[in-house]
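A structural walkthrough
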Protein chains: 2
Amino acid sequence: MGFFSKTCEYALRAVMYIASQSSDGKKVGIKEVADKINSPLHFLGKILQNLSKEGLIQSTKGPQGGFYINPDGLKRPLADIVIAIEGTQFLNGCGMGLSYCSQENPCPLHDDFKEIRDRLNLMLHKTTIGQFNDKLIQGVLTLNK
Amino acid sequence: MGFFSKTCEYALRAVMYIASQSSDGKKVGIKEVADKINSPLHFLGKILQNLSKEGLIQSTKGPQGGFYINPDGLKRPLADIVIAIEGTQFLNGCGMGLSYCSQENPCPLHDDFKEIRDRLNLMLHKTTIGQFNDKLIQGVLTLNK
DNA sequence: TAATTAAAAGATATTTTTGTCTTTTATTGT
DNA sequence: ACAATAAAAGACAAAAATATCTTTTAATTA
Ligand code: FES
Ligand code: FES
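An account of the accompanying structure is given in this report. (Residues numbered from 1 in each chain as written. Chains lettered and ligands numbered in written order. Predicted model: local features only at pLDDT ≥ 70, side-chain atom pairs only at ≥ 80, totals over all residues. Heavy atoms only, no water.)

1. Here we look at the interface of chain B and chain A
Taken together, the contact between chain B and chain A spans 41 residues of the former and 41 residues of the latter. Summed over both sides, the interface between chain B and chain A buries roughly 3800 Å², with carbon and sulfur atoms accounting for 68% of that surface. Contact with chain A buries area across many residues of chain B, yet Met-1, Phe-3 and Pro-108 of chain B alone supply 18% of it, more than any other trio. At the boundary of chain B and chain A, one finds 4 salt bridges. Between Glu-115 of chain B and Arg-119 of chain A there is a salt bridge, and its shortest N-O distance comes to 3.3 Å. (Contact = heavy atoms within 4.5 Å. Buried area = accessible area lost by both parts, 1.4 Å probe. Salt bridge = Lys/Arg side-chain N within 4 Å of Asp/Glu carboxyl O.)

Laid out in structure tokens, this is it:
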């Protein structure tokens, strides 16, 4: 198992790809997205469909249709994607599985784990969906393989 | 979904409980362990069985039998448990699911993610299985609920 | 040796995740 | 209106994670 679920990995890669392609209002088809991020086509379809319902990405049907992200969406944090898919427990929960993470009734890892989890949250909240557009277009960063 | 899998959460809690009880060579039955860490009995059985095969914990059958951890085992890092259960990918892999995490062909999150992953590794490697025994016995730390 | 105990091992079941395929709906262009 | 396009939605399937129950094996005690 990876750090995030497959669903979340595909979502992060797909959203960043769509973001990098939709700066000028362009739309990308799901086939292209699946191809560029190396993910199963129809499975990705379901994922993007859900993100679309959440308003994290936009889509239109028909010719010239496809997925895109509006300017406001490009400014949203990656945390929104992770929370939409993994749920809040992933970013707030106890590392050892206690039903509540608390300073008052801590698990053995609480202090150390909380610090790491806080850093993860910080990263996911400070990083925006559109932040890597330039480097993705330049090809300095990769989303497949 | 939590940060670690259920299997890993149960394993961490169970191993720490066994550790805290086996400082003086005492053994604990699976029923007691499952009860004290609030986990499904037979599922935990399978998990401990695997950890036993890996040599991370010890067990004996029959009356007065049960699970325990030898002095050397108490000094092993938590990383051994996590790796035994989640696999190496969890602690080494790319956060966005690329098949290799590398500086040369990085995903957008590489720099930030690597730092967090490094900290997680540091914690799991520096923390030993027996490290919390005293506080667990004192009841300052919890392993259930 | 026989009975008892407790983990190991095996079989089976349920749920969730991951993946594929088909049909429907909405949009566009002719 | 009609045909073409592309996402939405639904049905289905495979694999993995999670969970339960039963049988077997090994150790202890009487
Ligand atoms: S109680 Fe476990 S991480 Fe806070
Ligand atoms: S390449 Fe993605 S974390 Fe290193």
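2. A word on the protein's contact with DNA strand D
The local shell around DNA strand D holds 26 residues, among which Gly-29, Ile-30, Lys-46 and Ser-59 of chain A together with Thr-7 of chain B are the closest. Considering DNA strand D, the proportion of its atoms within 4 Å of the protein that are sugar or phosphate atoms stands at 59%. The contact in question runs from a phosphate oxygen of DNA strand D to an N or O atom on the backbone of Lys-6 of chain B, over 3.2 Å. Tyr-10 of chain B has a polar side-chain atom sitting 3.1 Å from a phosphate oxygen of DNA strand D. Only helix H3 (41-53), strand S1 (58-60) and strand S2 (66-68) of chain A together with helix H1 (6-21) and helix H3 (41-53) of chain B provide two or more residues apiece to the surface near DNA strand D. The element contributing the most residues to the surface near DNA strand D is H3 of chain A, with 4 residues. (Near = heavy atom within 4 Å. Polar contact = N/O pair within 3.5 Å; in protein donor to acceptor, adjacent residues only side chain to side chain. Helix = DSSP H or I, 4+ residues; strand = E, 2+ residues; numbered from the N terminus.)

3. A word on the packing of helix H1 (residues 6-21) of chain A against helix H2 (residues 30-37) of chain A
All names here are of chain A. Their axes nearest at 10 Å, the elements H1 and H2 cross at an angle of 115°. The handedness of the crossing between H1 and H2 is right-handed. Here Tyr-10, Arg-13, Ala-14, Tyr-17, Ile-18 and Gln-21 of H1 lie close against H2, whose contacting residues are Glu-32, Val-33, Lys-36 and Ile-37. For the contact of H1 with H2, the class distribution of residues is 6 nonpolar, 1 polar and 3 charged. (Axes fitted to C-alpha atoms, helices over the stretch in contact; angles between N-to-C directions. Left-handed = near helix turned anticlockwise from the far one by under 90°. Nonpolar A, V, L, I, M, F, W, Y, C, P; charged D, E, K, R; others polar.)

4. Considerations on the relation of the copies chain B and chain A
When chain B is fitted to chain A, the best match, at an RMSD of 0.0 Å, comes from turning it 180° and sliding it 0.0 Å along the axis. Taken together, the rotation and translation describe the operation of a two-fold axis. No C-alpha of chain B approaches the rotation axis more nearly than that of Ile-116 of chain B, which lies at 3.3 Å. When the interface residues of chain B are mapped onto chain A, 100% of them again lie at the interface, so the same face is used by both copies. (Least-squares fit on C-alpha atoms with pLDDT ≥ 70 in both.)

5. A closer look at the nonpolar core
One finds Phe-3, Leu-109, Leu-120 and Leu-124 of chain A together with Phe-3, Leu-109 and Leu-120 of chain B to be the most contacted residues of the largest nonpolar core, which totals 92 residues. Once residues lying within four places of it in the same chain are set aside, the contact partners of Leu-109 of chain B are Met-16, Leu-78, Met-123, Thr-127 and Phe-132 of chain A together with Met-96 and Lys-114 of chain B. (Core = buried A, V, L, I, M, F, W, Y, C linked by side-chain atoms within 4.5 Å. Buried < 20%, exposed > 50% of the residue type's maximum accessible area, 1.4 Å probe, protein only.)

6. Things to note about unusual backbone geometry
We note that Gln-64 of chain A has phi near 65°; this positive angle belongs to a residue other than glycine. Looking at where Gln-64 of chain A falls in the secondary structure, it is placed in the loop between S1 and S2.

7. Digging into helix H7 (residues 110-126) of chain B
Its 17 residues place the ends of H7 of chain B 23 Å apart at the C-alpha level, agreeing with the 24 Å of an ideal helix rising 1.5 Å per residue. Within H7 of chain B, burial applies to His-110, Phe-113, Ile-116, Arg-117, Leu-120, Asn-121, Met-123 and Leu-124 of chain B. On an axial view of H7 of chain B, the arc spanned by its buried residues comes to 160°, and they lie on one face. The outward face of H7 of chain B, more than 90 degrees from its buried face, is lined by the exposed residues Asp-111, Leu-122 and Lys-126 of chain B. On its buried side, H7 of chain B packs onto helix H7 (110-126) of chain A together with helix H5 (78-86) and helix H6 (88-92) of chain B. (Expected span 1.5 Å × (residues − 1). Arc of directions from axis to C-beta.)

8. A closer look at H2 of chain A
Side chains three or four residues apart in an α-helix point the same way, a direct result of the helix having 3.6 residues per turn. Residues and elements named next belong to chain A. Residues of H2 that are buried include every one of Val-33, Ala-34 and Ile-37, and no others. Buried residues along H2 cover an arc of 95° about the axis, so they all sit on one side. Of the exposed residues in H2, the ones pointing more than 90 degrees away from its buried face are Lys-31 and Asp-35. At its buried positions, H2 is contacted by H1 and H3. Two residues or fewer after H2 comes Asn-38, characterised by a positive phi angle close to 60°.

9. As for the environment of Pro-63 of chain A
Locating Pro-63 of chain A in the fold gives a position in the loop between S1 and S2. For the pair formed by Pro-63 of chain A and Lys-31 of chain A, sequence separation is 32 residues and the distance between their alpha carbons is 14 Å.

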